[in-house]
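Observations on the three-dimensional arrangement
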Amino acid sequence: MTPRPVLFLFSVAGVVLVATTATADPRAQIRGDLPADLRAQLEQAIGEVDAPPSNRFEARGRARGAMQAAEALLRSEGYYQPILEDVVEGEENPVAIVQVTPGPRFLLTPAHVHWVAPEPNPTIAAEVIGDMRLTPGEPGRAVDVIAAEGTLVAGLVRRGHADARAEPRRVVVDHAAHTVDPTFNIAAGPLVKLDGIRLETRGPTNPDWVAGLAPWDEGDVYDPEYVAELERRMLDTGVYEGVGVALAPADQTNADGNRPIIVTLADRPRRILEAGATFSTTDGSGVDLRWTWHNRFGRADTLVWEAKLTDIDSRLGADLKLPHWRRPGQTLNLSAALVHEDTDAYRRTAAALAADLQQRIGKTSWWSYGVGLDAGQYDETRFDPSTGAAVTATRDLVILTGRGSTFIDRSNDPLDPTTGWRLSGSVQPTAVTGDDNVLFLRAEGQVTAYLPLQQGAKTVLAGRARLGSILGGEELTVPADRLFYSGGGGSVRGYEYQGINPRLPDNTPRGGLSLFEASVEVRRDLFRNFQGALFVDAGAVGFNETPNFSNVRYGAGFGVRYKLPFGPIRADIAFPLDKREGDDDFQIYVSIGQAF
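Here is a short report on the structure shown in this document. Here the structure is a predicted model, which means the values were calculated and not measured.

Calculation notes
- Residues numbered from 1 in each chain as written.
- Predicted model: local features only at pLDDT ≥ 70, side-chain atom pairs only at ≥ 80, totals over all residues.
- Heavy atoms only, no water.
- Helix = DSSP H or I, 4+ residues; strand = E, 2+ residues; numbered from the N terminus.
- Rg over C-alpha atoms; globule rule 2.2 N^0.38 Å.
- Contact = heavy atoms within 4.5 Å.
- Areas by Shrake-Rupley, 256 points an atom, 1.4 Å probe, with all protein chains shown as cover.
- Lys, Arg positive; Asp, Glu negative; His and termini not counted.
- Charge placed at Lys NZ, Arg CZ, Asp CG, Glu CD.
- Phe/Tyr/Trp six-rings, centres within 6.5 Å; stacked < 30°, edge-to-face > 60°.
- Buried < 20%, exposed > 50% of the residue type's maximum accessible area, 1.4 Å probe, protein only.
- Lys NZ or Arg CZ within 6 Å of the ring centre and 35° of its normal.
- Pairing = 2+ DSSP bridges.
- Axes fitted to C-alpha atoms, helices over the stretch in contact; angles between N-to-C directions.
- Expected span 1.5 Å × (residues − 1).
- Polar contact = N/O pair within 3.5 Å; in protein donor to acceptor, adjacent residues only side chain to side chain.
- Salt bridge = Lys/Arg side-chain N within 4 Å of Asp/Glu carboxyl O.
- Core = buried A, V, L, I, M, F, W, Y, C linked by side-chain atoms within 4.5 Å.

Another aspect to go through is the overall build of the chain. Looking only at helices and strands, the chain features 7 helices and 28 strands. Taken over the C-alpha trace, the chain has a radius of gyration of 33 Å; the compact-globule value for 596 residues is 25 Å, which it surpasses by more than 25%. If you line up the chain on its principal axes, its C-alpha atoms span 100 × 80 × 45 Å. Relative to all contacts within the chain whose residues are 6 or more apart in sequence, the contacts with residues 24 or more apart total 57%. Total accessible area computed for the chain in this model is approximately 30700 Å², and 57% of it derives from carbon and sulfur atoms. Considering the chain, the positive charge centre built from 60 side chains and the negative charge centre built from 78 side chains are found 2 Å apart.

The following block contains the structure:
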């Protein structure tokens, strides 16, 4: 027997379905010889009602209300001589009607701009008038006239007239000539030049550090993009709840005629303690404790102490981020950690130090370079190509790594892209000493692309390709954690972590010198905030420097996403299409954001 709560849910679903499929009635019918686009605009303007009128009196009221809405719409579209009549037909089932004869459409004459003193210089005046795009002979639509006025003011502000404003405009409608003649009265105000930054918030942030982030020099002409860029630079640090950046009022102009930019900051809590737990049948389970210090040094810095204990990756360490280090957009990242990794392929216990400089390019792209130093013990089971057998070894290694990477983002959303592309790449020249001496170069790159297949991006085709190669090293001597592995939620779904790799006789994953991965996914909006997805992933690990396409393995599946303001929550179920002994029948993945 079906449980009652399930019956209730089905009942509610049925009611919602009926409610959403019910057809609303127009408030009144539109009659008359009208262009199709104008008729559609009128029908939208008069609106809809839930039920037809119950009597002629109610129908008359609806017809008059609809006629007023239609008249307002017609005038806004340049029809200033319409003939409108409200009509009611029928006795028992009355129908509200608006009979419309739009009359001639009035056309624009050349617009006039009257500058209220002080007026801008002739060059700026000509430029902003040229941006107005109010073409004589076009329909005299009210929205175009209002937009042109806004364009004039915005153009002045972009060119340094920060106090520009519109005075009451004068629009003459000539009923004999059927023309609309607009005159704009614009007060440009003085050309504003900038001073420095004034921080008006009490807190740990050093005012001199904020002043160094100004994207202008003293005496430069005001540009609202300067304000927006400074706000972006402050928000990029991630240590403020809110950032306010605004030009000081005109009465705060200094003796040199310059005005400062005022910055107000709302600090995030100085100390944040976070604890988390993860559970996975494939990628390991554990607990994570993070203690974050914000603005410890008064320059929007972030210091994170972390203690992590999981089946695969445990560590104790600290990370320090210094945004806008020595120049805007450049971030210094320092990290130190004690690490213990226990995977199917290897076991590593090491101390790790790293320093990287990251430079932002535009809003979301960046490049970085740095150095890493690792020292520790590796317990590995490796394949010996000379004997064709597995070799178990314990090595003490010191690894010095140069780190260079880049990320170019031309997509439209960081967590839920629907159009555009992304490109990432990294190179890591590495020197190993200790029980083995090895020099090699590890390189990899990935490209993803997003193509909307329908208007409004209701269906999106997404693709991903990733290639990796290790040059100059041998499979037996390259440290196990630097080899390539594939399989899992971030690579080829349907397989467990490192599950794509060929295996040694003892079932240990065999790390490779090259990597190939690819994914194709179709995402489709279903209803409300829900989205469905179908996908196919592929991957291969090779043992030469060039990727091996002869042992590609595939996984396929489907998933659902629930879209939230910050991004979608993703749940996927995937199945291995080249199932080997030991592979599970399926894998489930849950995370925030799209798979790629």
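All right, on to the packing of aromatic side chains then. Within the structure shown, the criterion is met by 12 aromatic pairs. Ring plane angle 35° and centroid distance 6.1 Å describe the contact between Trp216 and Tyr226, whose orientation is recorded as tilted. Of this pair, Trp216 sits in the loop between helix H6 (207–211) and helix H7 (224–236) while Tyr226 sits in helix H7, and the two are 10 residues apart along the sequence. Classification of Tyr226 as partly exposed rests on a relative accessible area of 23%. In textbook terms, an aromatic cluster arises when at least three aromatic residues are bridged by ring pairs, as seen for Trp291, Trp293 and Trp305. Note that Arg493 overlies the ring of Phe535, its terminal NZ or CZ placed 3.7 Å from the centroid.

With mixed pairing, the 3 strands of this open sheet are ordered in space as S10-S12-S11. The sheet terminates laterally at strand S10 (193–199) and strand S11 (240–247), the two strands that pair on one side only. Looking at each pair of strands side by side, their axes are set apart by 20° on average, direction ignored. Here S10 runs beside strand S12 (residues 258–267); their pairing, made up of 5 bridges, is parallel. Residue pairing across strands places Lys193 opposite Asn258, the latter belonging to S12.

The subject of this paragraph is the environment of Glu149. Take Glu149: it is sitting in helix H5 (residues 142–158). By relative accessible area, which is 10% here, Glu149 ends up buried. For Glu149 and Asp583, which are 434 residues apart along the polypeptide, the C-alpha to C-alpha distance reads 67 Å. In this view, Glu149 contacts Ala166, Glu167, Arg169, Phe184 and Ile186; residues no more than four positions away in its chain are not counted.

Taking 1.5 Å per residue as the helical rise, helix H3 (residues 56–76) with its 21 residues ought to reach 30 Å, and the 30 Å between its terminal C-alpha atoms agrees with that figure. Considered for burial, the residues of H3 that qualify are Ala59, Arg62, Ala63, Gly65, Ala66, Met67, Ala69, Ala70, Leu73 and Leu74. Where H3 is buried, its residues contact helix H2 (36–46), strand S3 (48–49), strand S4 (83–89) and strand S5 (95–101). For H3, the N-terminal capping position is held by Asn55, with its side-chain oxygen 3.2 Å away from the main-chain nitrogen of Phe57. Downstream of H3 by one or two residues, Gly78 has phi in the positive range, about 95°.

This part is about the side chain of Ser486. Along the chain, the position of Ser486 falls in the loop between strand S23 (459–471) and strand S24 (514–527). Those residues in contact with Ser486 that sit more than four places away from it in its chain are Ser491, Val492, Gln498, Gly499, Ile500, Asn501, Leu515, Glu517 and Val541.

Pairing between sheet strands relies on hydrogen bonds along the backbone, with the strands arranged either parallel or antiparallel. Spatially, S2-S5-S4 is the arrangement adopted by the 3 strands of the open sheet, whose pairing is mixed. If you trace the sheet from one side to the other, it starts and ends with strand S2 (29–31) and S4, each paired once. Strand after strand, the sheet turns through a mean of 25° between neighbouring axes, direction not considered. In this sheet, S5 lies alongside S2 in parallel orientation, the contact comprising 3 bridges. Residue Ile30 lies in a different strand from S5, and its bridge partner there is Val98.

Let us look at the pattern of salt bridges. Summed over the entire model, instances satisfying the criterion amount to 52 salt bridges. Glu127 serves as the salt-bridge partner of Arg159, at 2.8 Å between the closest nitrogen and oxygen. Highlighted residues: Arg159 in the loop between H5 and strand S8 (165–174) and Glu127 in helix H4 (residues 122–131), separated in sequence by 32 residues. Taking the relative accessible area as the measure of exposure, Glu127 reaches 37% and is therefore partly exposed. Taking the shortest distance from any N to any O, the salt bridge between Glu225 and Arg232 comes out at 2.5 Å. A relative accessible area of 41% places Glu225 in the partly exposed class. Using a relative accessible area of 22% as the deciding quantity, one classes Arg232 as partly exposed.

Within the secondary structure layout, Asp409 lies in strand S20 (residues 389–409). Here the side chain of Asp409 touches Ser411 through a polar contact of 2.6 Å, side chain to side chain. Residues within four places of Asp409 in sequence aside, it is in contact with Thr364, Ser365, Trp421 and Arg422.

On to the environment of Gly402. Residue placement: Gly402 occurs in strand S20. Gly402 sits 25 residues away from Val427 along the chain, and the two C-alpha atoms are 7.9 Å apart. Not counting the four nearest positions on each side in its chain, Gly402 is found in contact with Gly370, Val427, Gln428 and Pro429.

Time to look at the nonpolar core. Residues Leu156, Phe184, Leu230, Met234 and Tyr240 are the most contacted members of the largest nonpolar core, which totals 40 residues. Here this core takes 6 residues from H5, the largest share from any one element. In this view, Leu156 contacts Trp115, Pro120, Ile124, Val128, His161, Ala164, Ile186 and Ala188; residues no more than four positions away in its chain are not counted.

Most peptide bonds are trans, and most residues other than glycine sit at a negative phi. Between Ala117 and the following residue, Pro118, the backbone shows a cis peptide bond with an omega angle of 0°. Note that Pro118 resides in the loop between strand S7 (112–116) and H4. For Gln498, which is not glycine, the phi dihedral falls at a positive 65°. Position of Gln498 relative to the elements: it lies in the loop between S23 and S24. The backbone of Arg528 sits at a positive phi, close to 50°, despite the residue not being glycine. By the element assignment, Arg528 lies in the loop between S24 and strand S25 (530–542). For Arg528, a relative accessible area of 76% translates into the label exposed.

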